[in-house]
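Now for the letters of each chain:
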Protein chains: 2
Amino acid sequence: MAEPRPVRRQARGERRIAEILDAALSLFAEVGYEAATTNAIAARAGISPGSLYQFFRNKEAIAQALSARLVEGTRDAHAAAFADRPVATLPLDELVDLMLDPLIEFNVSNPGAKSLFGNTDMPAQLAAATRPLHEAVTRRVTAVVTARAPHLSAVEAARTATVVVQIVKAMMPPIVAAETEERAALVTELKRAIRGYLAPLEDATT
Amino acid sequence: MAEPRPVRRQARGERRIAEILDAALSLFAEVGYEAATTNAIAARAGISPGSLYQFFRNKEAIAQALSARLVEGTRDAHAAAFADRPVATLPLDELVDLMLDPLIEFNVSNPGAKSLFGNTDMPAQLAAATRPLHEAVTRRVTAVVTARAPHLSAVEAARTATVVVQIVKAMMPPIVAAETEERAALVTELKRAIRGYLAPLEDATT
DNA sequence: GCAAGATACGAGTGATCGCTCGCATTAGTC
DNA sequence: GACTAATGCGAGCGATCACTCGTATCTTGC
């Protein structure tokens, strides 16, 4: 179980790694994880199979690194949205904008992301890699719900957050796939749906 | 391209086919389409690999037959719900119950169904097999939306239906996975979300 | 009861794919 | 410029898997 001796990456190597991940992401998005052969990934990255394995122990490591890259992007986009905002007192529609806009933007500019998350054709261990992200997002939403609807029990707040997250996740593929005009309309509808779901909870401060 | 000569199935054969489909569904649900080997499917069905190919031309044919079986079930469940009901005038909450309850029941009693639909690890041709179902459901929902909110344009009604279908689809996995008590709570939340989304459209009969 | 065909078997075949290995080339360090 | 390590190559190995084939056993129709 000896660690496989660290490697001092050169700038060239870092570039290669990025190229491999780009190639892998686009291939995964096109044909899925299983059908994407490592030789095809290497070919798309413009290198030989041997070179690919210079940088990744195996196929799963590629997916893991890719997953990490996307998780990081999503987390950053989401975290930035919440930084130093009075989430408890903001008008609901502004809050919804704040939560969704960065997420939507990230997914639109990374069209392959959705094809990695939520697909069951990858090793279980890998699917697990995205769970921390999912949990972190849900936790954050739970906190917001709790702050705005304090009369909810912890279980109820968590459930509410789950519903919100699921709805957002579900609308992402059509939003990403749509042309800009229809996309805007779908985003509007998504926000309306979220507001329609959350508004009654906040009014119920009897 | 000669048709591969029809076979006069015996009762035994029909039983075997059903057993194979059961085995395939559970395996697909556990490990995904690609990872489910045909030998493993045969083993789980209690037959030899050779026998499996007595009934199915190839692996994809198994998935296709399975898909057909599930599509039929879903369609029936959905169609039955709408039979001879005044969908245009029914109170919204009753309508939502009418639309969702049969679908939820079917998915709960066929836990593998969701793992087949909406997974991209199967041949494109196969994923296409579930599209007619998806379209049929969306069309039906569009019709209901149009009937209840006539002020919407065709495009708007279709968009609304898309959102409703996506939300329902998204909530199905958590609902299926949950224990009975939490499941009931999630169903309640789902219905609340749908009502919250649809209600404003109906009020807007200015 | 007998032929025809449906069902059953399971070792084996050909193709695919993840990954390796031996070796060549390039970049970094002194 | 010389030494070391990183990067690069691509033919091919070993394992896996969808599927076949020769053969044996049941079921059905007459």
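Please refer to the structure higher up on the page.
Residues numbered from 1 in each chain as written. Chains lettered and ligands numbered in written order. Predicted model: local features only at pLDDT ≥ 70, side-chain atom pairs only at ≥ 80, totals over all residues. Heavy atoms only, no water.

Engineer: I'd like to hear about the interface of chain A and chain B, residue by residue, with values.
Structural biologist: Each side of the interface is counted separately: chain A has 22 residues, and chain B has 23 residues. Summed over both sides, the interface between chain A and chain B buries roughly 2100 Å², with carbon and sulfur atoms accounting for 61% of that surface. Together, R159(A), R192(A) and Y197(A) form the three largest contributors to the area buried by chain A at its contact with chain B, with a combined 25%. At the surface where chain A touches chain B, the tally comes to two salt bridges. We note a salt bridge from R159(B) to E182(A), for which the minimum N-O separation is 2.7 Å. At the junction of chain A with chain B, the criterion picks out eight residue pairs in polar contact (both at pLDDT 80 or more). Elements supplying a minimum of two residues to the side of chain A that touches chain B: α9 (154-177) and α10 (180-203) of chain A. In terms of residues, the side of chain A that touches chain B owes the most to one element, α10(A), which gives 10 residues. Its residues placed into classes, the side of chain A that touches chain B shows 11 nonpolar, five polar and six charged. (Contact = heavy atoms within 4.5 Å. Buried area = accessible area lost by both parts, 1.4 Å probe. Salt bridge = Lys/Arg side-chain N within 4 Å of Asp/Glu carboxyl O. Polar contact = N/O pair within 3.5 Å; in protein donor to acceptor, adjacent residues only side chain to side chain. Helix = DSSP H or I, 4+ residues; strand = E, 2+ residues; numbered from the N terminus. Nonpolar A, V, L, I, M, F, W, Y, C, P; charged D, E, K, R; others polar.)

Engineer: Residues and numbers for the protein's contact with DNA strand C, please.
Structural biologist: T38(A), K59(A), R9(B), R16(B) and Q54(B) are the nearest of the 26 residues found near DNA strand C. Sugar plus phosphate: this is where 67% of the atoms of DNA strand C within 4 Å of the protein reside. Take R9(B): an N or O atom from its side chain is 2.4 Å from a phosphate oxygen of DNA strand C. One of the side-chain nitrogen or oxygen atoms of R12(B) is found 3.4 Å away from a sugar or linking oxygen of DNA strand C. Counting residues per element, the ones that place at least two in the surface near DNA strand C are α2 (38-45) and α3 (49-55) of chain A together with α1 (11-31) and α3 (49-55) of chain B. At five residues, the largest contribution of residues to the surface near DNA strand C is made by α3(B). Within the surface near DNA strand C, the residues separate by chemical class into seven nonpolar, 11 polar and eight charged. (Near = heavy atom within 4 Å.)

Don't take any of this as a statement about function, it's just geometry.
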